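Examination of the molecular architecture
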Amino acid sequence: MAVRRRRKRKAAKKRPVPTNPSLYARVKAEAKRKFKVYPSAYANGWLVRTYKARGGRYRMGTGRKRRK
């Protein structure tokens, strides 16, 4: 008789989540227009700096669940 093993569920990782999603979306769209390659380290760095300069903030959370 085979022994069943229980799998542990992975804990949700906490990561920075933007508190102003509409502003974040606007800045992200600008980054996609501005940089030839997105995502890239330079584009993401510019995105974070610009988002924060325009008053955006981050909080630590699990973010949105991804749908398949």
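Parameters at a glance
- Residues numbered from 1 in each chain as written.
- Predicted model: local features only at pLDDT ≥ 70, side-chain atom pairs only at ≥ 80, totals over all residues.
- Heavy atoms only, no water.
- Helix = DSSP H or I, 4+ residues; strand = E, 2+ residues; numbered from the N terminus.
- Buried < 20%, exposed > 50% of the residue type's maximum accessible area, 1.4 Å probe, protein only.
- Contact = heavy atoms within 4.5 Å.
- Expected span 1.5 Å × (residues − 1).
- Arc of directions from axis to C-beta.
- Core = buried A, V, L, I, M, F, W, Y, C linked by side-chain atoms within 4.5 Å.

**A short note on the overall build of the protein chain**
When helices and strands are tallied, the protein chain shows two helices and two strands. Starting at the N terminus and ending at the C terminus, the protein chain contains elements arranged as β-α-α-β. For the protein chain, the residues scored as buried account for 18% of the 68 residues in total. The contacts in the protein chain between residues at least 6 apart in sequence include a share of 60% that link residues at least 24 apart.

**What to know about unusual backbone geometry**
Between Tyr38 and Pro39 the backbone carries a cis peptide bond, its omega angle lying at 5 degrees. Here Pro39 shows up in the loop between helix H1 (21-34) and helix H2 (41-53).

**As for H1**
For H1, built from 14 residues, the straight-helix expectation of 20 Å at 1.5 Å per residue is met to within 8% by its first-to-last C-alpha distance of 20 Å. Buried residues of H1: Leu23, Val27 and Ala31, and no others. Projected onto a plane normal to the axis of H1, the buried residues spread over an arc of 75 degrees and lie on a single side. Across H1 from its buried face, at more than 90 degrees, point the exposed residues Pro21 and Arg33.

**Section: the nonpolar core**
Here is a general trend for soluble globular proteins: nonpolar side chains tend to be buried in one another's company. Among the nonpolar cores identified, the biggest contains six residues, and these are Leu23, Val27, Ala31, Trp46, Leu47 and Tyr51. Contributions of two or more residues to this core are made by H1 and H2. Setting aside residues no more than four positions away along its own chain, Val27 makes contact with Trp46, Leu47, Thr50, Tyr51 and Arg54.

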